[in-house]
Amino acid sequence: MTGQYKSKNENGNFGCVTTLIMIVIIIAAIIVGLVYRPINRVVDIEYVTVTVTDKGVKRAGKSGDKYLIYTKDDNNKAEVFEITDSLVAMQFNSSDIYAGLEIGKKYRLKVGGSRNQLLSWYPNIYGYELIE
């Protein structure tokens, strides 16, 4: 019976294929992170009416801090938005938007993107209008 059974590791193909697959998966994940997120933040632009309940800065280390705006809508549903500069949307005034939004006031926000809890992604604010 010797010599009839040959494992995948003995011929060397299994290890090379597995390594190649892992490299492709890692490259795909990097591309998704670098390309998908900036595009995601500028799609599905919509307007929402909310009251700002709090503001904060989420420290993110080397990847950069995020301005976060905590809100509630007319149905008392809580939602969090971020304000981030965007090359794709040609927006570079995130600090000005953050400074302009005041706690306790009601706004009509122009937002884009989706929420992803796993990756800590929030819809991005591109503009606002105070509602009197």
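For clarity, every value in this text was computed on a predicted model and none was experimentally measured.

The secondary structure content of the protein chain amounts to 3 helices and 5 strands. In the protein chain, the order of α-helices and β-strands from amino to carboxyl end is α-α-β-β-β-α-β-β. The buried share of the protein chain, reckoned over its 132 residues, is 25%. Across the protein chain, every contact between residues at least 6 apart in sequence was considered, and the portion connecting residues at least 24 apart equals 54%.

Now for the pairing of strand 1 (residues 46-58). The pairing of strand 1 with strand 4 (residues 106-112) spans 6 bridges and is classified as antiparallel. Bridged to Thr-51 within strand 4 is Lys-106. In the sheet, strand 1 pairs with strand 2 (residues 66-72) via 7 bridges, with the strands oriented antiparallel. When the sheet's bridge partners are listed, Lys-55 is paired in strand 2 with Ile-69.

The next subject is the pattern of salt bridges. In the structure shown here, the tally under the stated rule is 2 salt bridges. Asp-74 is paired through a salt bridge with Lys-106; the nearest N and O atoms lie 3.0 Å apart. Linking Asp-74 in the loop between strand 2 and strand 3 (78-83) with Lys-106 in strand 4, this pair joins segments that are 32 residues apart in sequence. Since its relative accessible area comes to 59%, Asp-74 is described here as exposed.

Side chains of Ile-23, Ile-26, Ile-27, Ile-30, Ile-31, Leu-34, Val-35, Ile-39, Val-43 and Val-88 sit close together on the surface and give an oily, nonpolar patch of about 880 Å² of accessible area. Relative to the elements of secondary structure, Val-35 occurs in helix 2 (residues 13-40).

If you look at the biggest cluster of nonpolar residues, it comprises 13 residues, and the most contacted ones within it are Ile-69, Ile-83, Leu-101, Leu-109 and Ile-125. When contributions to this core are tallied by element, the ones reaching two or more residues are strand 1, strand 3, helix 3 (94-100) and strand 4.

Moving on to the packing of aromatic side chains. Within the structure shown, the criterion is met by 2 aromatic pairs. Their ring planes at 20° and their centres at 4.4 Å tell us that Tyr-67 and Tyr-98 sit as a pair that is stacked. With a gap of 31 residues between them, Tyr-67 in strand 2 and Tyr-98 in helix 3 connect regions that are remote in the sequence. Seen from their ring centres, Tyr-107 and Tyr-128 are 5.6 Å apart, and the 85° between their planes marks the pair as edge-to-face. Of this pair, Tyr-107 sits in strand 4 while Tyr-128 is found in strand 5 (residues 124-130), placing the two residues 21 residues apart along the sequence. In this structure, Lys-55 packs its charged tip against the face of Tyr-98, placed 4.4 Å from the ring centre. If you follow Arg-108 out to its NZ or CZ, it ends over the ring of Tyr-47, 4.1 Å from the centre.

All right, on to the confidence of the model for the protein chain then. On average, residues of the protein chain score 86 in pLDDT, and 88% of them are at 70 or above. For the protein chain, per-element mean pLDDT is lowest for helix 1 (residues 8-11), which scores 53, and highest for strand 4, which scores 97.

Each value, and the rule that gives it
- Residues numbered from 1 in each chain as written.
- Predicted model: local features only at pLDDT ≥ 70, side-chain atom pairs only at ≥ 80, totals over all residues.
- Heavy atoms only, no water.
- Helix = DSSP H or I, 4+ residues; strand = E, 2+ residues; numbered from the N terminus.
- Buried < 20%, exposed > 50% of the residue type's maximum accessible area, 1.4 Å probe, protein only.
- Contact = heavy atoms within 4.5 Å.
- Pairing = 2+ DSSP bridges.
- Salt bridge = Lys/Arg side-chain N within 4 Å of Asp/Glu carboxyl O.
- Patch = residues over 30% accessible without salt bridge, like charges linked within 9 Å, V, L, I, M, F, W, Y side chains within 5 Å.
- Areas by Shrake-Rupley, 256 points an atom, 1.4 Å probe, with all protein chains shown as cover.
- Core = buried A, V, L, I, M, F, W, Y, C linked by side-chain atoms within 4.5 Å.
- Phe/Tyr/Trp six-rings, centres within 6.5 Å; stacked < 30°, edge-to-face > 60°.
- Lys NZ or Arg CZ within 6 Å of the ring centre and 35° of its normal.
- pLDDT = per-residue confidence, 0-100.

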